[in-house]
Amino acid sequence: MKILTVMDKDSERIKGLKIRRMNREEAEFAIDMAAAEGWNPGIHDGELFYEADPEGFFIAELEGEPAGCASAVAYNNNFGFLGLFVVKPEFRRKNIGMKLTEKCLEHLGNRNIGLDGVVENEKKYQQVMKFKSSYSNLRFEGRGGGEIPDGLVEISGVPFEKLIEYDRRMFPAPRPGFLRKWISQPDSYAFASFEAGGLKGYGVIRKCRTGYKIGPLFADDQIAAEKIFRALRASVPEETFFFDVPEPNKEAMEIAEKYQMSVMFRTIRMYSREEPDIELDKVYGVTSFELG
């Protein structure tokens, strides 16, 4: 993949454009932008996302005014994820989005890169960025309630090294720093199926601008996944909650349908190279569309 920089000749024609790294406080600008687009971020996402890779968050300024943002989280030397691509409506059609893209790709270098793109931009990602489509993710909406089933533990009771090892089977790179904070964030609930010293699955539900959102939900089989799902659902009674499901996981789709959840929208999971070798059949719920 050819990596362009923001200082190429096209950028020079956007007078007054500056793209730079965000500081921690400016990460909230990106979360506010995502909320304005209807993406319903978590109320603590600014801090949690930024700490995943403080070098990977970018802001575009035009004549000193914030115009757009994007993130490019480098998990390790082999894998990164693009997200939080937003340009304010009044600054669109000025090529700012492409310049943000170039800066993100420059940061991620030769890594395999993932993203969750909106359906209407799929062809652009294919043709301009040369990304390959892998599968769809569906966002479901439902209502909390029910009882927490027996046989689960709070995730704090799981040895963290076992959680890291388990998570790596379903995610393309190790992410211990992110995971430690994600499972213990305020305004969240997290449960695991942990039997005889073996981890069979875990899930997290966090408070968002509207309702709550499950993510991730990883499990060895549908029985364990549904038990964790029920525990997360019961933790937020009468609240609206959302569940992002990889469409190829038919068992996850069955859980969403069983609990009468409604499809809100679809994203396309895409990669710059090959699809990572993960156990997708055990991914019942995506961690987030912004960080993978």
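Visitor: Just to check I follow, could you spell out the overall build of the chain for this structure?
Guide: A count of helical and extended segments in the chain gives 9 helices and 13 strands. Taking 2.2 N^0.38 as the reference for a compact globule, 292 residues should give roughly 19 Å; the C-alpha atoms of the chain span a radius of gyration of 19 Å, in line with that estimate. Overall, the chain is about 60 × 35 × 30 Å in size when its C-alpha atoms are taken along their principal axes. Each of the 292 residues in the chain was classed as buried or not, and the buried ones make up 56%. Put simply, the chain shows about 13,100 Å² of open surface, and 47% of that area lies on carbon and sulfur atoms.

Visitor: Sorry if this is basic, but what is going on with the nonpolar core here?
Guide: Here is a general trend for soluble globular proteins: nonpolar side chains tend to be buried in one another's company. Counting residues in hydrophobic clusters, the biggest one holds 43 residues, and the most contacted among them are Tyr75, Leu163, Ile183 and Tyr202. Per-element accounting of this core gives the leading share, 6 residues, to helix H2 (residues 27-36). Grouped together as the second largest cluster of nonpolar side chains are 26 residues, Ala225, Ala231, Met253 and Met261 included.

Visitor: Any chance you could explain helix H6 (residues 160-170) here in plain terms?
Guide: For the α-helix, the turn length of 3.6 residues means that residues three or four positions removed from each other point alike. The set of residues buried in H6 consists of Phe160, Leu163, Tyr166, Asp167 and Met170. The arc that holds the buried residues of H6, viewed along the axis, is 120°, so those residues lie on one side. Among the exposed residues of H6, those oriented more than 90 degrees off its buried face are Glu161 and Glu165. Each element contacted by the buried residues of H6 is listed here: helix H7 (176-182), strand S9 (198-207), strand S10 (212-219) and strand S13 (283-285).

How each quantity is defined
Residues numbered from 1 in each chain as written. Predicted model: local features only at pLDDT ≥ 70, side-chain atom pairs only at ≥ 80, totals over all residues. Heavy atoms only, no water. Helix = DSSP H or I, 4+ residues; strand = E, 2+ residues; numbered from the N terminus. Rg over C-alpha atoms; globule rule 2.2 N^0.38 Å. Buried < 20%, exposed > 50% of the residue type's maximum accessible area, 1.4 Å probe, protein only. Areas by Shrake-Rupley, 256 points an atom, 1.4 Å probe, with all protein chains shown as cover. Core = buried A, V, L, I, M, F, W, Y, C linked by side-chain atoms within 4.5 Å. Arc of directions from axis to C-beta. Contact = heavy atoms within 4.5 Å.

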